[in-house]
Amino acid sequence: LHIRSRFFNKVNKYKFYYLLSAFGLLYFLIYHYIPMAGILIAFKQIQPFMTIQQMLEAPWVGLKHFITFVNGYYFWNVLGNTLAISFFSLLFSFPAPIILAILINEIQGNKFKKAVQTIIYMPHFLSWVIVAGLVRIVFSPSDGIVNQIIMSFNHKPVFFVGENQYIRSLIVGSTIWKETGWNTIIFLSAITGIDQTLYEAARVDGATRFQKILYITLPGMKFAISLIFIMSCGKLLDAGLERVMLLYSPATYTKADIIDTYVYRASFGDMQYSFATAVNLFKSVLSFLLVLSANWASKKLGEEGIW
Amino acid sequence: MRLMKLLTFLLINTIMCMTLLISCGGKRNATDGSLKLVAWVRGINNYVVPPNYILEAVHQKILVDTGVDIKIVIGPANSDEFNTQLNNALAAGEQIDIAQVANMKTYYDLGILADLSEAINKYGLNITERQGQENMNQAFINGGYYGIPRNSIAGNTYPVWIRGDWLKKYNLNLPTTIEEFENALMIFAKNDPSGNGTTIPLMTNGRDNKNVMGCIMSLAAAWLDYGYNDLNGQFIDSNGHLLPSILAPGFKDYLTTLYRWYKNGYLPRDNYLLQSAEQLDMIKAGRVGAWAGWYSYITSNEGVMQVNHPEAYYEKLDLEGPKGFAQSFVYSGSDWPSAYVVFNRCKDVDAAVKVLNWGYIGANYIYSKYAMDAEIDYTDGIYYYTIIKEPIGHDYQGLYLGPANESRFRLIGGDPLIKRHNDYTAMQMQDFRYGKFPITKGIRFDRELLNAVCPKFSDINRMIEENMLAFLVGKRHINEYDNFITELFGIGFEQYIDELSRQFNEQKNTQR
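Remember, it's a predicted structure, so these values are computed and weren't measured experimentally.

About the cut-offs
- Residues numbered from 1 in each chain as written.
- Chains lettered and ligands numbered in written order.
- Predicted model: local features only at pLDDT ≥ 70, side-chain atom pairs only at ≥ 80, totals over all residues.
- Heavy atoms only, no water.
- Salt bridge = Lys/Arg side-chain N within 4 Å of Asp/Glu carboxyl O.
- Helix = DSSP H or I, 4+ residues; strand = E, 2+ residues; numbered from the N terminus.
- Expected span 1.5 Å × (residues − 1).
- Buried < 20%, exposed > 50% of the residue type's maximum accessible area, 1.4 Å probe, protein only.
- Contact = heavy atoms within 4.5 Å.
- Axes fitted to C-alpha atoms, helices over the stretch in contact; angles between N-to-C directions.
- Parallel < 35°, antiparallel > 145°, perpendicular 65-115°, else oblique.
- Left-handed = near helix turned anticlockwise from the far one by under 90°.
- Nonpolar A, V, L, I, M, F, W, Y, C, P; charged D, E, K, R; others polar.
- Core = buried A, V, L, I, M, F, W, Y, C linked by side-chain atoms within 4.5 Å.
- Pairing = 2+ DSSP bridges.

## So, the pattern of salt bridges
Two side chains of opposite charge can pair, provided their charged atoms sit close to one another. In total, this model carries 20 salt bridges over all chains according to the counting rule given. In this structure, Lys-283 of chain A and Asp-260 of chain A form a salt bridge, with 2.8 Å as the shortest nitrogen-oxygen distance. Remark: Asp-260 of chain A occurs in helix 15 (residues 259–268) and Lys-283 of chain A occurs in helix 16 (residues 273–300); sequence separation between them is 23 residues. In this structure, Glu-487 of chain B engages Arg-476 of chain B in a salt bridge whose closest nitrogen and oxygen atoms are separated by 2.9 Å. Placement of the pair is Glu-487 of chain B in helix 20 (residues 481–490) and Arg-476 of chain B in the loop between helix 19 (457–472) and helix 20, with a sequence separation of 11 residues. Linked through salt bridges whose partners overlap, the residues forming this network are Asp-257 of chain A together with Arg-462 and Glu-466 of chain B.

## A word on helix 6 (residues 95–106) of chain A
Residues and elements named next belong to chain A. The end-to-end C-alpha distance of helix 6, which contains 12 residues, comes to 17 Å, matching closely the 16 Å that a straight helix rising 1.5 Å per residue would cover. Within helix 6, burial applies to Ala-96, Pro-97, Ile-98, Ala-101, Ile-102, Ile-104 and Glu-106. If you follow the buried residues of helix 6, they end up packed against helix 5 (75–93), helix 7 (110–121), helix 10 (164–192) and helix 12 (209–234).

## A short note on the packing of helix 12 of chain A against helix 16 of chain A
Residues and elements named next belong to chain A. Put simply, helix 12 and helix 16 touch, their axes get as near as 7 Å, and they point 155° apart. In terms of orientation, helix 12 lies roughly antiparallel with respect to helix 16. Every pair of crossing elements has a handedness; the one defined by helix 12 and helix 16 is right-handed. On helix 16, the residues that touch Ser-226, Ile-230, Cys-233 and Gly-234 of helix 12 are Ser-287, Leu-290, Val-291, Ala-294, Asn-295 and Ser-298. Of the residues belonging to the contact of helix 12 with helix 16, the class tally is five nonpolar, five polar and no charged.

## A few points about the nonpolar core
Residue and element names in this part refer to chain B. In this structure, Phe-181, Phe-251, Tyr-254, Trp-261 and Tyr-272 are the most contacted members of the largest nonpolar core, which totals 89 residues. Examining the composition of this core, we find that eight residues originate from one element, helix 19, more than from any other. In terms of nonpolar packing, the next biggest core, distinct from the first, is built from 32 residues, Leu-37, Ala-114, Tyr-145 and Val-353 among them.

## Regarding the pairing of strand 8 (residues 160–163) of chain B
The side chains of a regular strand alternate between the sheet's two faces. Residue and element names in this part refer to chain B. Burial along strand 8 is two-sided: Val-160 and Ile-162 and Trp-161 and Arg-163, pointing in opposite directions, are all buried. Two strands pair when backbone bridges link them, and strand 8 and strand 13 (residues 314–317) are joined in this way by four bridges, in the antiparallel orientation. Bridge pairing in strand 13 links Trp-161 to Lys-316. Two elements, strand 8 and strand 12 (residues 288–292), share three bridges in a ladder whose sense is antiparallel. Each residue of the ladder has a partner; that of Trp-161, found in strand 12, is Trp-291.

Structural data, given as structure tokens:
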């Protein structure tokens, strides 16, 4: 009875916080937890447009869909491409907002700083359809500005979007252009949280700007960096259906066909929902393992983990 | 103060939760006593969704004429996008009674189509009369009609076109052979008639038409004994096997020629990856010397091109190569047709057929497209429509219900910008003198069974698609073609061919 009353006392004390979080919790419940029951169809042979009752009664097929995916001729190709595109995204897209946030923080004029921030946030609000269109126009072999410059130096135009050796760079590069500005927000807020007296003390001690960044700003951002890094690891198998779908083509399948596009082409269009669910579940399990590994590694290195 | 805080929180949370719950709920159409059907129709490339007042006028006329209240939803023009949206909506349980589908067998196999036979007998007499038995047979499965076919069973839809004014400019005759055609392309490339290096001597369908299908359908038969027809088979070897077109003797020569044209700069570097909108812009701008691909890229856009280039016009070519005519005719009878289907969840199949039949009565076809009246006259197997009023605009699609065989129609009056299109569909679409049919004409394959026998069929498709493009643009040398075929057999192509041949021979024997 005592424990129960303590519980209700706590609920009463923090009721506004609970109320505040209710909307978020409901969102996650409806959109992220209830649909998880759908995982069931990865182990069943269901036909599209079945009712829930029919799905529940559909025959179990065990790991059949997983085996079909793993035995697919292009399994290693699409898995490799997914990992490669994600790895390059992590390698280049992850440090970019950190560096940019530090640079923005060093800007002295407040008005200029705000103008820079507003401008670099803008690409985030463009849809991938527009960004992919821009990439195709800018890098077009006939009219694109990049090829116009190349041709003005008497070189042959390069068909960037249609060449295997450039497609990943275009995908990763366009992501950096689109998202780096927006991703600085979390790092800028981490920098804002750093005690200003540390900078004062460093100035008195004669520290240079670079030393202040190295010994105050970066350590102050450590938690945010490790947190974002762990979360990015969870997205390693999520190479971005939209951006790849809009930029790849049969000419670049070898380097740009990822798990998501493979599933979309081979399954979703043909309405093989069981197969598509199995592949996505496979992806989610691997992603979860990656998050666990990153969390473990982070703790081993003495940093904060997610839990 | 505390109470105010509490009330504010409660209010905000209630609003947010309600919004969330409303957004989760599936929206079904109200059935306020009157029957309301929902029809999903695919848009058409280069056309835009009609303004609401057009759709409303069509809705009202159908309501008055048939007593059926129908809501028309016009989806994306891109076939893949439309299918995905339609399938997702069906899977989500949205109310869809009638839909235009690309392959009706897919939905028949899922057991979700209504048998329309009885309703057609009662309310679909205009459909059967206008369609004709051969067309209607496309949708006949296991003793019942499960759809209303949208297209004629065969079509002359991949002709080659060339700029007649440019031929005149350089004193060239209308090319009749592949060699003469290549010569014209060379002269266009050399002289740059469009100016400032903007001339595109040749363009073929790009990304939105399966990348390489356009040029294959328009040109490959010049090196083949029969017309091309995807993987459905092209020729029979001495062992009685029906072998896919890509194994045909001569297909390598076709690839070699197209690569030579690409290397010589007759085709844009990004030809096979261009989207239809980009290609249409180039045609409208008067930059394209020749087109090998889907007919309407020219027929629907020549008029627009002539607004800025009045002297420009296209001539249709009937090219011949080492093995005869270059063009393959589309024969949808070997696959399941694009059709209007009624789903078996529809509460009133009779009402759905009444609506479909409405499109086949008098000039309702025109009304469904333009929401305007027309007069109809039937002469020599062709329906001539005369639009009474001035058209509201040329660039919208309309409901597009109506007789499957578009070719019987010719609009008199109406928008001059699409005169070429109407003339082509009326006079040339069914002209089968200058091309080839596939050997599989009249054979209907069971794709379900093919996929079951060859589970890696989607991998085979990717390998073919990827490599065709590689050979066409020289990323893979043609000397490696035999290696590519070996790779295909390595992932189960043989099983596919065996099953294909089995079905082909079985049906041929039955026909005998």
